[in-house]
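Examining the three-dimensional arrangement
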Amino acid sequence: MKRKLFFFALLLIAMTASAQTARRFVLKNSADGVSELTVYLPEHPSGRAVVCCPGGGYAHLAMEHEGYDWAEYFNRQGISFFVLKYRMPNGDRNIPLGDAYHAMQTVRDSAKVWSINPYDVGIMGFSAGGHLASSVSTHADWKVRPNFSILFYPVITLGKGTHNGSKVNILGETGQNDEKLVAEWSNERAVQRHLTPPAVVFTANDDGTVPPVQNGIAYYIAMRNSGNDCALHVYPTGGHGFGFRASYTYHEQVLFDLTTWLNNLKMPKAEAVRVACIGNSITDGMGIDMSGVNGYPAVLGRLLGDGFNVKNFGVSARTMLNKGDYPYMKEGAWKDAMAFDPEVVIVKLGTNDSKPYNWKYGQEYGHDLQLMIDSLKALSSKPKIYLCNPIPASNSWGISDSIIVNAISPILQKAAKKNKLTYIDLHAAFQNTDGKQMQRDGIHPTDAGAAQMAKIIAPYIKQ
């Protein structure tokens, strides 16, 4: 490890010689001028950017070692860096949240001017600033949600094990006793499959101020259980608030670990074709471990290459039918998919619609499908839309393969012809001859089956 850190030190020296901060300036970030965004633009921008939220228990801000001191480290790597001076909530969480949202919007709106890739903008937070950063990662609308998160000894939960000062300051004296509010802003409970961005967590084992198990580690567990990318670094000592302090025993190790993570964090190019995968649990990747890596949209992205930005907007159990038990178009994922402004859309809904209590509204399937198509056509990106029928299904959970074949598929074909869209017959193309392509329920593909789906769809997109 000493040899590794020695070479890392040499790397930092080389980076210092090759790239520095080119411009530093301050922008007003709120109407009252209290919130500010200090901008550090690198000499040789890589396209990546990080918005930093210092900590301080939502009572004050540690602007130096949890803010400004990090600028040189990031600029050396060509990463644009933004230190957010956010306003204190005094019981109103929308004040710091609004400042963070506005900062993210400013960076994305200025992406071309500042040589930033709008799909490679991360957020970084320390302690209570880590709660703010994780709140933006789990609660924000798509347009201001970060593409990755860096969390240092973050306050995550507002329940048992929280930092009480942060809890009271963000929720207020009354709100801290509101169980619903506490649950909503305990961010380990707000992680969403595919939609919460990749994260790396840094904490110390002996942190007595923000206990790591209930906070940083809890966030990692929630991310891992959701199949989202996440890394966790727990150092033996350090307590709380080590930030960028060079006196911290593991300071060089922290920088090495963060640099390694950043270097291996791959993001799509700014000009990559945006592909939205819309669907139910088969798109979502139910039953597939690390579906963010092994689900069909993830495999499709790898097959298409770095010229495509493929996102998974699948949600389990959802229906095309708006009178179904769980209509897709009433989901947050649908709202996110639209905000993504995709250039290509792959729609695969219908399996759950075939259930008797849903298919009693089957005469409306074509109408609701057309409603989805019209909504997508109205996007500024004017996306190319691909309609897929479901893969073969066993008759479990009330799902009917005969309805899929004889009713749903013909409606999809008719809609494709009417709207001049491409129809992909997954039902005919998908094969399970070796018995390894489907899970035991006969509904959901295995990781091998998901890969097969991606291989069927990829040639259509490449064309």
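The present account deals with the structure reproduced in this document.

Quick notes on the rules
- Residues numbered from 1 in each chain as written.
- Predicted model: local features only at pLDDT ≥ 70, side-chain atom pairs only at ≥ 80, totals over all residues.
- Heavy atoms only, no water.
- Helix = DSSP H or I, 4+ residues; strand = E, 2+ residues; numbered from the N terminus.
- Rg over C-alpha atoms; globule rule 2.2 N^0.38 Å.
- Contact = heavy atoms within 4.5 Å.
- Areas by Shrake-Rupley, 256 points an atom, 1.4 Å probe, with all protein chains shown as cover.
- Lys, Arg positive; Asp, Glu negative; His and termini not counted.
- Charge placed at Lys NZ, Arg CZ, Asp CG, Glu CD.
- Pairing = 2+ DSSP bridges.
- Axes fitted to C-alpha atoms, helices over the stretch in contact; angles between N-to-C directions.
- Expected span 1.5 Å × (residues − 1).
- Buried < 20%, exposed > 50% of the residue type's maximum accessible area, 1.4 Å probe, protein only.
- Parallel < 35°, antiparallel > 145°, perpendicular 65-115°, else oblique.
- Left-handed = near helix turned anticlockwise from the far one by under 90°.
- Nonpolar A, V, L, I, M, F, W, Y, C, P; charged D, E, K, R; others polar.
- Right-handed = clockwise from strand over helix to strand, strands pointing away.
- Salt bridge = Lys/Arg side-chain N within 4 Å of Asp/Glu carboxyl O.

1. Digging into the overall build of the protein chain
Check the secondary structure of the protein chain and you find 17 helices and 13 strands. The C-alpha atoms of the protein chain give 24 Å as radius of gyration, which agrees with the globular expectation for 463 residues (23 Å, within 12%). Projecting the C-alpha coordinates of the protein chain onto the three principal axes gives extents of approximately 70 × 50 × 45 Å. Once local pairs closer than 6 in sequence are excluded, the contacts in the protein chain between residues at least 24 apart make up 76%. Counting every atom, the protein chain has about 19000 Å² of accessible surface; 52% of that belongs to carbon and sulfur. Each charge sign in the protein chain was given a centre, from 45 positive and 40 negative side chains, and these centres are 6 Å apart.

2. Points about the environment of Arg48
Assignment of secondary structure puts Arg48 in the loop between strand S2 (36-42) and strand S3 (49-53). It is 24 Å that separates the C-alpha atoms of Arg48 and Leu300, two residues lying 252 residues apart in sequence. Not counting the four nearest positions on each side in its chain, Arg48 is found in contact with Gly78, Ile79, Ser80, Asp120, Phe148, Leu262, Leu265 and Met267.

3. With respect to the sheet that holds strand S10 (residues 308-312)
Read across the open sheet, the five strands follow the order S10-S9-S11-S12-S13; overall the sheet is parallel. Across the chains shown, the open sheet's two edge strands, defined by having one partner strand only, are S10 and strand S13 (422-424). Geometrically, the sheet is characterised by an average inter-axis angle of 20° between neighbouring strands, direction not taken into account. Bridging between strand S9 (residues 273-279) and strand S11 (residues 344-348) involves five bridges; their strand directions are parallel. In the sheet register, Ile278 faces S11, and the bridge partner there is Val347. On the sheet, helix H14 (residues 365-377) packs against S9, S11 and strand S12 (384-388) and is oriented at approximately 155° with respect to S12.

4. Considering unusual backbone geometry
Unusually for a residue other than glycine, Ser127 sits at a positive phi of about 55°. Considering the arrangement of structural elements, one finds Ser127 in the loop between strand S5 (121-126) and helix H4 (128-139). Phi angles above zero are rare outside glycine, and Lys382 is one such case at about 45°. Position of Lys382 among the secondary structure elements: in the loop between H14 and S12.

5. Considering the sheet that holds S3
Strands sit in the order S1-S2-S4-S3-S5-S6-S7-S8 across an open sheet of eight strands; the sheet is mixed. Single-partner strands in this sheet number two, and they are strand S1 (21-28) and strand S8 (230-235). The average angle at which neighbouring strand axes cross in this sheet is 15°, direction not considered. Sheet topology note: the strand S7 (residues 199-204)/S8 ladder contains six bridges and is parallel. Looking across to S8, one finds that Val201 is bridged to Leu232. On the sheet, H4 packs against S3, S5 and strand S6 (148-152) and is oriented at approximately 150° with respect to S5.

6. Re helix H8 (residues 251-263)
End to end, H8 covers 18 Å across 13 residues, agreeing with the expected 18 Å (1.5 Å per residue, within 8%). For H8, the tally of buried residues reaches 10 of 13 residues, placing the bulk of the element in the interior. The complete set of buried residues in H8 reads His251, Gln253, Val254, Leu255, Phe256, Asp257, Leu258, Thr259, Trp261 and Leu262.

7. Re the packing of helix H3 (residues 94-109) against H4
Here H3 crosses H4 at 70°, and the two axes come no closer than 10 Å. Between H3 and H4, the crossing angle belongs to the class labelled roughly perpendicular. As H3 packs across H4, the resulting crossing turns out to be right-handed. Mapping the contact onto sequence places Pro96, Leu97, Ala100, Tyr101 and Met104 in H3 and Leu132, Ser135, Val136 and His139 in H4. A class-by-class count of the residues in the contact of H3 with H4 yields seven nonpolar, two polar and no charged.

8. Brief notes about the environment of Gly285
Among the secondary structure elements, Gly285 is positioned in the loop between helix H9 (281-284) and helix H10 (291-294). The exposure class assigned to Gly285 is buried, which follows from its relative accessible area of 1%. Put simply, Gly285 and Tyr248 are 37 residues apart on the chain and 42 Å apart in space, counted from C-alpha to C-alpha. If sequence neighbours within four positions are ignored, Gly285 has contacts with Arg193 and Ser291.

9. Brief notes about the pairing of S3
Counting buried residues along S3, five of its five residues qualify, which places the element largely inside the surrounding structure. The two faces of S3 match: Ala49, Val51 and Cys53 on one face and Val50 and Cys52 on the other face are all buried. Of the pairings in the sheet, the one linking S3 to strand S4 (residues 80-85) comprises four bridges and is parallel in character. Bridging across to S4, Val50 finds its partner in Phe81. Between the parallel pair S3 and S4, the chain is carried across by helix H2 (residues 71-76), and the sense of this crossover is right-handed.

10. Some words on the pattern of salt bridges
Enumeration according to the criterion identifies 14 salt bridges in this entry. One salt bridge connects Asp120 with Arg48, and the closest N-O pair in it is separated by 2.9 Å. Within this pair, whereas Asp120 is found in the loop between H3 and S5, its partner Arg48 is found in the loop between S2 and S3, the two being separated by 72 residues in sequence. Taking relative accessible area as the criterion, Arg48 reaches 9% and is therefore assigned buried. Two residues, Asp141 and Lys335, come together in a salt bridge whose shortest N-O distance is 3.6 Å. Here Asp141 is found in the loop between H4 and S6, whereas its partner Lys335 is found in helix H12 (residues 332-339), with 194 residues between them in sequence. Residue class for Asp141 comes out partly exposed when judged on its relative accessible area of 45%. One continuous salt-bridge network, built from bridges that share partners, spans Asp32, Arg87 and Asp99.

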